[in-house]
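# What the coordinates show
For reference, the chains in residue letters:
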Number of protein chains: 2
Amino acid sequence: MGGADIERLIALLARLPGLGPRSARRAALALLRQPQTRMLPLAQAMEQAARTVRTCSTCGNLDTHDPCGICTDSARDRGLVCVVETVGDLWALERAGVHRGVYQVLGGTLSALSGTGPDDLNLAPLLARLEEGGVREVILALGATVEGAATAHWLQDRLAGFDVPVSRVGQGVPMGGGALDVLDDGTLAAALTARKIYS
Amino acid sequence: MGGADIERLIALLARLPGLGPRSARRAALALLRQPQTRMLPLAQAMEQAARTVRTCSTCGNLDTHDPCGICTDSARDRGLVCVVETVGDLWALERAGVHRGVYQVLGGTLSALSGTGPDDLNLAPLLARLEEGGVREVILALGATVEGAATAHWLQDRLAGFDVPVSRVGQGVPMGGGALDVLDDGTLAAALTARKIYS
């Protein structure tokens, strides 16, 4: 329709999560309509990020510094390490502002299907921190999936030798999640098991 | 979370149509995970397109050449000019492969709300083509909206002096659009008015 350059732009945009071929075309058009004010700034932001952003060697977060801003923040509690699957999970917890400690990003979960084994997970920095001492609790904030549960189970075993309490985030009815009848059986079972008695 | 460079990338991605703040974060993460194989190629495709893509001075299409590939394609019928609102509409017709003539992209519709008047529409090249002669029909393929209808009406008047038939695309029940009871009243009225007698 508009030459190879436009087709290539659309094809690359369509590979972004959340954009399909149709919305990629709409996005390409929006960018092409404002090449100087929209397309070039985005291209430059991408090049800048590709050049400056690196993985934190301590926790696995993405940042322009290594160690990252969270690991170097003296206001954060290094004794409380929250283990998450992905950087996206870390960002979600940070947006919620509910964890004042530090993190360990595994980079995935144990999965026989995708062939992810213990050696593929970014666990070594956490083990090093545990050996150094000073860690008072490891919180497992893994997804409530089969892989997440298997990984949590394996981590419990793996961390048992360190004499540090290992906890996992609560499971149950999500806040604002609406009626019980739309929840799956697993969530309902977890919510009943995790029930609290009013005192 | 990950410094100003990441925040800036997310903010710019979130301005793309089809991406909100949430999906922009997912897209940014996907790009940051593969800076060399995904982020830089996309950034380069954007810069390349911003540098090479221009608006066709004949029809208003976007292409790396001016006049565009459609206007210079000798296999296309220059006597048949299809008037559309946006380049996206032109692309949609090209994908469908249903128009073998050329185009005129207005760049919008008459709209009192957004303050778009006749002078804001890209009509001059069409008038020049009509004055040159050789145009056998002008097909108005404008949206079935209030603005589209107003623009079509105004175009009919504006082009009346040229002694060239002006048509508009058919309106009615969309193909594969499912049951009649989900269609709005306007579409049903248009479909009844545009009924054809089996001969």
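Residues numbered from 1 in each chain as written. Chains lettered and ligands numbered in written order. Predicted model: local features only at pLDDT ≥ 70, side-chain atom pairs only at ≥ 80, totals over all residues. Heavy atoms only, no water.

As recorded in an unreviewed UniProt entry, chain A goes by Recombination protein RecR and comes from Gluconacetobacter liquefaciens. We quote the UniProt Sequence similarities (unreviewed entry) comment for chain A here in full: "Belongs to the RecR family." According to UniProt, the comment filed for chain A under the heading Function (unreviewed entry) is "May play a role in DNA repair. It seems to be involved in an RecBC-independent recombinational process of DNA repair. It may act with RecF and RecO." (UniProt positions renumbered as here; feature names shortened; annotations may be inferred.)

For chain A, the helix and strand inventory stands at seven helices and six strands. Secondary structure of chain A in N-to-C order comes out as α-α-α-β-β-β-α-β-α-β-α-β-α. Taken over C-alpha atoms, the radius of gyration comes to 21 Å for chain A, far larger than the 16 Å a tight globule of 199 residues would show. Seen through its C-alpha atoms, chain A measures out along the principal axes to roughly 65 × 45 × 35 Å. Here chain A, with 199 residues, has 44% of them falling under the buried criterion. A fraction of 46% describes how many contacts in chain A between residues 6 or more apart in sequence connect residues 24 or more apart. Surface exposure of chain A reaches about 10,700 Å², of which carbon and sulfur atoms provide 53%. Distance between charge centroids for chain A: 9 Å, based on 19 positive and 21 negative side chains. (Helix = DSSP H or I, 4+ residues; strand = E, 2+ residues; numbered from the N terminus. Rg over C-alpha atoms; globule rule 2.2 N^0.38 Å. Buried < 20%, exposed > 50% of the residue type's maximum accessible area, 1.4 Å probe, protein only. Contact = heavy atoms within 4.5 Å. Areas by Shrake-Rupley, 256 points an atom, 1.4 Å probe, with all protein chains shown as cover. Lys, Arg positive; Asp, Glu negative; His and termini not counted. Charge placed at Lys NZ, Arg CZ, Asp CG, Glu CD.)

This next bit is on the UniProt feature "domain: Toprim" (unreviewed entry) in chain A. UniProt records the feature "domain: Toprim" (unreviewed entry) at residues 79-174 of chain A, using the numbering of this structure. Across residues 79-174 of chain A, helical content stands at 34% and strand content at 19%; the span's end C-alpha atoms are separated by 28 Å.

Ranked by internal contacts, the top residues of the largest apolar core, which has 72 residues, are Leu9(A), Leu13(A), Met46(A), Leu9(B), Leu13(B) and Met46(B). Taken domain by domain, the makeup of this core includes at least three residues from each of domain 1 (4-52) and domain 2 (62-168) of chain B. With near-sequence residues (within four places) excluded, Leu9(B) lies in contact with Leu42(A), Ala45(A), Met46(A), Ala49(A), Ala28(B), Leu32(B) and Met39(B). (Core = buried A, V, L, I, M, F, W, Y, C linked by side-chain atoms within 4.5 Å. Domains from an automatic or database assignment.)

Time to look at the interface of chain A and chain B. Counting residues at the interface gives 50 residues for chain A and 50 residues for chain B. Where chain A touches chain B, the interface holds zero salt bridges. Breaking the side of chain A that touches chain B down by element, the ones donating at least two residues are helix H1 (4-14), helix H2 (21-33), helix H3 (35-52), strand E2 (62-63) and helix H4 (87-96) of chain A. Top element by residues in the side of chain A that touches chain B is H3(A). It accounts for 15 residues. In the side of chain A that touches chain B, the residues fall into 28 nonpolar, eleven polar and eleven charged. (Salt bridge = Lys/Arg side-chain N within 4 Å of Asp/Glu carboxyl O. Nonpolar A, V, L, I, M, F, W, Y, C, P; charged D, E, K, R; others polar.)

Moving on to the UniProt feature "zinc finger region: C4-type" (unreviewed entry) in chain A. Within this numbering scheme, the UniProt entry marks residues 56-71 of chain A as carrying the feature "zinc finger region: C4-type" (unreviewed entry). Helix makes up 0% of residues 56-71 of chain A and strand makes up 12%, while its end C-alpha atoms are separated by 8 Å.

Attention now goes to the relation of the copies chain A and chain B. Each copy superposes on the other: chain A lies on chain B with an RMSD of 0.1 Å after a rotation of 180° and an axial shift of 0.0 Å. Look at the turn and shift together and you get a two-fold axis relating the two. Identified as the residue of chain A closest to the rotation axis by C-alpha distance is Ala43(A), at 2.1 Å. Interface overlap between copies is the fraction of interface residues in one copy that are interface residues in the other; for chain A against chain B it reaches 100%, indicating a shared surface. (Least-squares fit on C-alpha atoms with pLDDT ≥ 70 in both.)

Before going further, it helps to examine the sheet that holds strand E5 (residues 137-140) of chain B. Residue and element names in this part refer to chain B. Strands sit in the order E4-E3-E5-E6 across an open sheet of four strands; the sheet is parallel. Taken across any chain shown, the strands that pair with only one partner, and hence form the sheet edges, are strand E4 (101-105) and strand E6 (166-168). Here the average twist between neighbouring strands, direction ignored, is 30°. Looking at chain direction, strand E3 (residues 77-84) and E5 are connected through four bridges and run parallel. Among the inter-strand pairings, Leu-80 is bridged to a residue of E5, identified as Glu-137. Helix H4 (residues 87-96) contacts E3 and E4 of the sheet and is inclined by roughly 160° relative to E4. Sheet contacts for helix H5 (residues 124-132): E3, E4 and E5; angle to E4, the most-contacted strand, approximately 140°. (Pairing = 2+ DSSP bridges. Axes fitted to C-alpha atoms, helices over the stretch in contact; angles between N-to-C directions.)

So, on to the side chain of Glu85(B). Note that Glu85(B) resides in the loop between E3 and H4. Despite being buried, Glu85(B) has no salt bridge partner; Arg33(A) is the closest side chain of opposite charge, sitting 9.4 Å away. Within polar-contact distance, the side chain of Glu85(B) engages the backbone nitrogen of Gly143(B) at 2.7 Å. Non-local contacts of Glu85(B), meaning those with residues more than four positions away in its chain, are made with Val105(B), Leu106(B), Gly107(B), Gly108(B), Thr109(B), Leu142(B), Gly143(B) and Gly148(B). (Polar contact = N/O pair within 3.5 Å; in protein donor to acceptor, adjacent residues only side chain to side chain.)

Their axes nearest at 9 Å, the elements H1(A) and helix H3 (residues 35-52) of chain B cross at an angle of 150°. Here H1(A) is positioned roughly antiparallel relative to H3(B), judged by the angle of their axes. Every pair of crossing elements has a handedness; the one defined by H1(A) and H3(B) is left-handed. In contact with Asp5(A), Arg8(A), Leu9(A), Leu12(A) and Leu13(A) of H1(A), H3(B) contributes Pro41(B), Leu42(B), Ala45(B), Met46(B), Gln48(B), Ala49(B) and Thr52(B). Of the residues assigned to the contact of H1(A) with H3(B), the class counts are eight nonpolar, two polar and two charged. (Parallel < 35°, antiparallel > 145°, perpendicular 65-115°, else oblique. Left-handed = near helix turned anticlockwise from the far one by under 90°.)

A few words on the side chain of Thr187(A). Structurally, the position occupied by Thr187(A) is in helix H7 (residues 185-193). Look past the residues within four positions of Thr187(A) in its chain and what remains in contact with it is Gly172(A), Val173(A) and Pro174(A).

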